[in-house]
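Here is what each chain is made of, one letter per residue.
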Amino acid sequence: DIKSRIDSGGLPGVHYNLFQNPNIPSSIEHDLVKSGKISENTALEKKTLNPDTVSHIYHNSKHRVSIVGALTHKNATDSILRHAATKETYQGAVANHPKTPVDVLSDLSKSKHDFIRANIAGNKNTPKEVIENLKEDPSEEVSSIAKKRK
C-alpha cells in the first residue's frame, strides 16, 4: 500500500511532492516532519502547516532557527507562544506575533529590554491600556511607536 511505501522511502522524491499537496491529511504531514523525511525548515515554509506540526517543531527542534521559525509561523499555537514567553531568548518573537494572547503581551510590556517593549507597542493586538502605558516609556523608540498607534 502507498503509506507503507512512503514510510519505507520506497518512492524516491515523493515525500516533498506529497508534503506540498494542499489536501495532505494532517497526520501524514506531521509524520513526514516527525520522521525527518521533510526538514523542519521546509515544513515551516508551508503557510498551511498544521498547528500540531508547528508545535512539534518548537518542542523538539535542536536548532534555534527552527524554533524561531515555529514561533513566527502564522499557525503557532497559543500554547507554544505562552511557553516561549517564559524564555528570554524568544520573547522578542512572541512579542511580535499577531496571535500572542493579550495577557502575555501585557506581561511582556514590562520587559527590561527596549526591543521587546517596542515589539509590544507595534503589535496590533496589544490592549489599549498597555499602549497608553508604553506612550510614557523611558525609551524614545518604544514611546514613539506607541504614540503612532490609535
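My aim in this report is to walk through the structure given alongside it, one point at a time. The model shown is predicted, which means the values in this text are computed figures rather than measured ones. (Residues numbered from 1 in each chain as written. Predicted model: local features only at pLDDT ≥ 70, side-chain atom pairs only at ≥ 80, totals over all residues. Heavy atoms only, no water.)

Some thoughts on the overall build of the chain
Logical step 1: For the chain, the count of helices and strands is twelve helices and zero strands.
Logical step 2: Along the chain, helices (α) and strands (β) appear in the sequence α-α-α-α-α-α-α-α-α-α-α-α when read from the amino end.
Logical step 3: Taken over the C-alpha trace, the chain has a radius of gyration of 19 Å; the compact-globule value for 150 residues is 15 Å, which it surpasses by more than 25%.
Logical step 4: Expressed as a percentage of its 150 residues, the buried residues of the chain come to 45%.
Logical step 5: When contacts within the chain are restricted to residue pairs at least 6 apart in sequence, those whose partners lie at least 24 apart make up 35%.
Logical step 6: Total accessible area computed for the chain in this model is approximately 8,600 Å², and 50% of it derives from carbon and sulfur atoms.
Logical step 7: Separation of charge centres in the chain, based on 22 positive and 18 negative side chains, amounts to 3 Å. (Helix = DSSP H or I, 4+ residues; strand = E, 2+ residues; numbered from the N terminus. Rg over C-alpha atoms; globule rule 2.2 N^0.38 Å. Buried < 20%, exposed > 50% of the residue type's maximum accessible area, 1.4 Å probe, protein only. Contact = heavy atoms within 4.5 Å. Areas by Shrake-Rupley, 256 points an atom, 1.4 Å probe, with all protein chains shown as cover. Lys, Arg positive; Asp, Glu negative; His and termini not counted. Charge placed at Lys NZ, Arg CZ, Asp CG, Glu CD.)

Digging into the packing of helix α3 (residues 26-34) against helix α5 (residues 51-60)
Logical step 1: At a closest axis distance of 9 Å, the pairing of α3 and α5 adopts a crossing angle of 20°. Considering the angle they form, α3 stands roughly parallel to α5. Of the two possible hands of crossing, α3 and α5 adopt the one that is right-handed. Counting all contacts with α3, which are made through Glu29, His30, Val33 and Lys34, the residues of α5 involved are Asp52, Thr53, His56 and Ile57.
Logical step 2: Classifying every residue of the contact of α3 with α5 by side-chain character gives two nonpolar, three polar and three charged. (Axes fitted to C-alpha atoms, helices over the stretch in contact; angles between N-to-C directions. Parallel < 35°, antiparallel > 145°, perpendicular 65-115°, else oblique. Left-handed = near helix turned anticlockwise from the far one by under 90°. Nonpolar A, V, L, I, M, F, W, Y, C, P; charged D, E, K, R; others polar.)

Structural notes on the nonpolar core
Logical step 1: Residues Leu71 and Leu108 are the most contacted members of the largest nonpolar core, which totals 35 residues.
Logical step 2: Those residues in contact with Leu108, other than ones at most four positions away along the chain, are Ala85, Gln91, Val94, Ala95, Ile116, Arg117 and Ile120. (Core = buried A, V, L, I, M, F, W, Y, C linked by side-chain atoms within 4.5 Å.)

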